[in-house]
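Architecture at a glance
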Amino acid sequence: METPADPFPTPAEPERLEALALDIVATMATALTELAGRGLALARRGMRDLPFVEDLLRRVIYLMALRLDVPPPAPSPAAPSQRRETPAPSSDAPRAPSTPRFRLIEPEQDRDPRPLLAPADCPRITLMDSAARPFIPDEPTPAAPRPRPGPGLEDRYLRRTLALADAVANLDAYAMRMARWIARQASENAKRLSPLAGAPAPEHAKIAETQPAVPVLSDLYLLVLMALGPDTS
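Not measured: the values here are computed from a predicted model. (Residues numbered from 1 in each chain as written. Predicted model: local features only at pLDDT ≥ 70, side-chain atom pairs only at ≥ 80, totals over all residues. Heavy atoms only, no water.)

What follows deals with the overall build of the protein. Looking only at helices and strands, the protein features 5 helices and 0 strands. In sequence order, the protein lays out its α and β elements as α-α-α-α-α. Looking at the 233 residues of the protein, the share that counts as buried comes to 26%. Long-range pairs, those at least 24 residues apart, make up 82% of the contacts in the protein with a sequence separation of at least 6. If you sum the accessible surface of the protein, you get close to 17900 Å²; carbon and sulfur atoms cover 55% of it. (Helix = DSSP H or I, 4+ residues; strand = E, 2+ residues; numbered from the N terminus. Buried < 20%, exposed > 50% of the residue type's maximum accessible area, 1.4 Å probe, protein only. Contact = heavy atoms within 4.5 Å. Areas by Shrake-Rupley, 256 points an atom, 1.4 Å probe, with all protein chains shown as cover.)

Set out below in structure tokens:
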């Protein structure tokens, strides 16, 4: 992907920067979608670039959501509402396939970023004196049942590309969903107000409190540069 002839848009030009980012997303989403359903090797190949495109699109949607004026949600009534029971659908009735939804909220980074040691690298320390008695269970502990295997990589890749294409085709709807989430978080005085997992860069930490679009535009600018920059691999 070549750099356009016009001067490269900066974070000070949000409209041009967002438009360029959307062009990149549309081009890459089309290419990634074409790899779906064509075997495991191509799914692995596409999975290398898919998270990058998702991050790019999620930031564009976030910027769109910040420009929407969404009132805070009305408080729910104290008394529980009576829900009308609907009969379960017949197993013989055809089911309409549901389009996977693009994930708008990134999972919080609450894990220790340091890598865990492999069992072979862990220190083996045994310290016993003459009075020590090792614990030996009377009966072997039954093995825990194995969890059901999740969907394979090909299926996960297909669903994520379908969700990506759905978000590209319905940007306004996704921006409204995110705006409602932001309004709900603010009305509940939630600690987390940003759908992005990472904290703003130190130089943007203060201004992000009143102008949350500033660090997002900076992130978007860097992502666009990565997409359009020369391949040095």
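Glancing now at the layout of surface pockets. Empty space among the atoms can be located by rolling a probe the size of a water molecule over them. In this structure, the largest pocket occupies an estimated 800 Å³ of space. Lining of the largest pocket is provided by 29 residues; of these, Ser-194, Leu-196, Gly-198, Ala-199 and Pro-200 occupy positions nearest its centre. Per-element tally for the lining of the largest pocket: the top contributor is helix α5 (residues 213–228), with 4 residues. (1 Å grid on protein atoms, 1.4 Å probe; cavity = no way out; pocket = protein on both sides within 12 Å on 5 of 7 lines; lining within 4 Å. Points joined across faces, edges and corners; volume = space filled by probe spheres on them.)

Caution applies to low-pLDDT parts of the model: their predicted coordinates are not meant to be read in detail. Within the protein, residue pLDDT values average 80, and 69% of them lie at 70 or more. Here residues 88–96 is modelled with pLDDT under 50, and outside its nearest four sequence neighbours on either side it reaches 0 contacts, counting other chains as well. (pLDDT = per-residue confidence, 0-100.)

Inspection of the entire model under this criterion finds 8 salt bridges. The salt bridge involving Arg-58 is made with Asp-55; its shortest N-O contact spans 3.2 Å. Of this pair, Arg-58 and Asp-55 both sit in helix α2 (residues 40–66), 3 residues apart, which is roughly one turn of the helix. For Arg-58, a relative accessible area of 3% corresponds to the buried category. Asp-55 sits in the partly exposed class, given a relative accessible area of 28%. Here Arg-59 ties to Glu-106 by a salt bridge, and the two come within 3.3 Å at their closest N and O atoms. Of this pair, Arg-59 sits in helix α2 while Glu-106 sits in the loop between α2 and α3 (153–169), and the two are 47 residues apart along the sequence. Taking relative accessible area as the criterion, Glu-106 reaches 9% and is therefore assigned buried. (Salt bridge = Lys/Arg side-chain N within 4 Å of Asp/Glu carboxyl O.)

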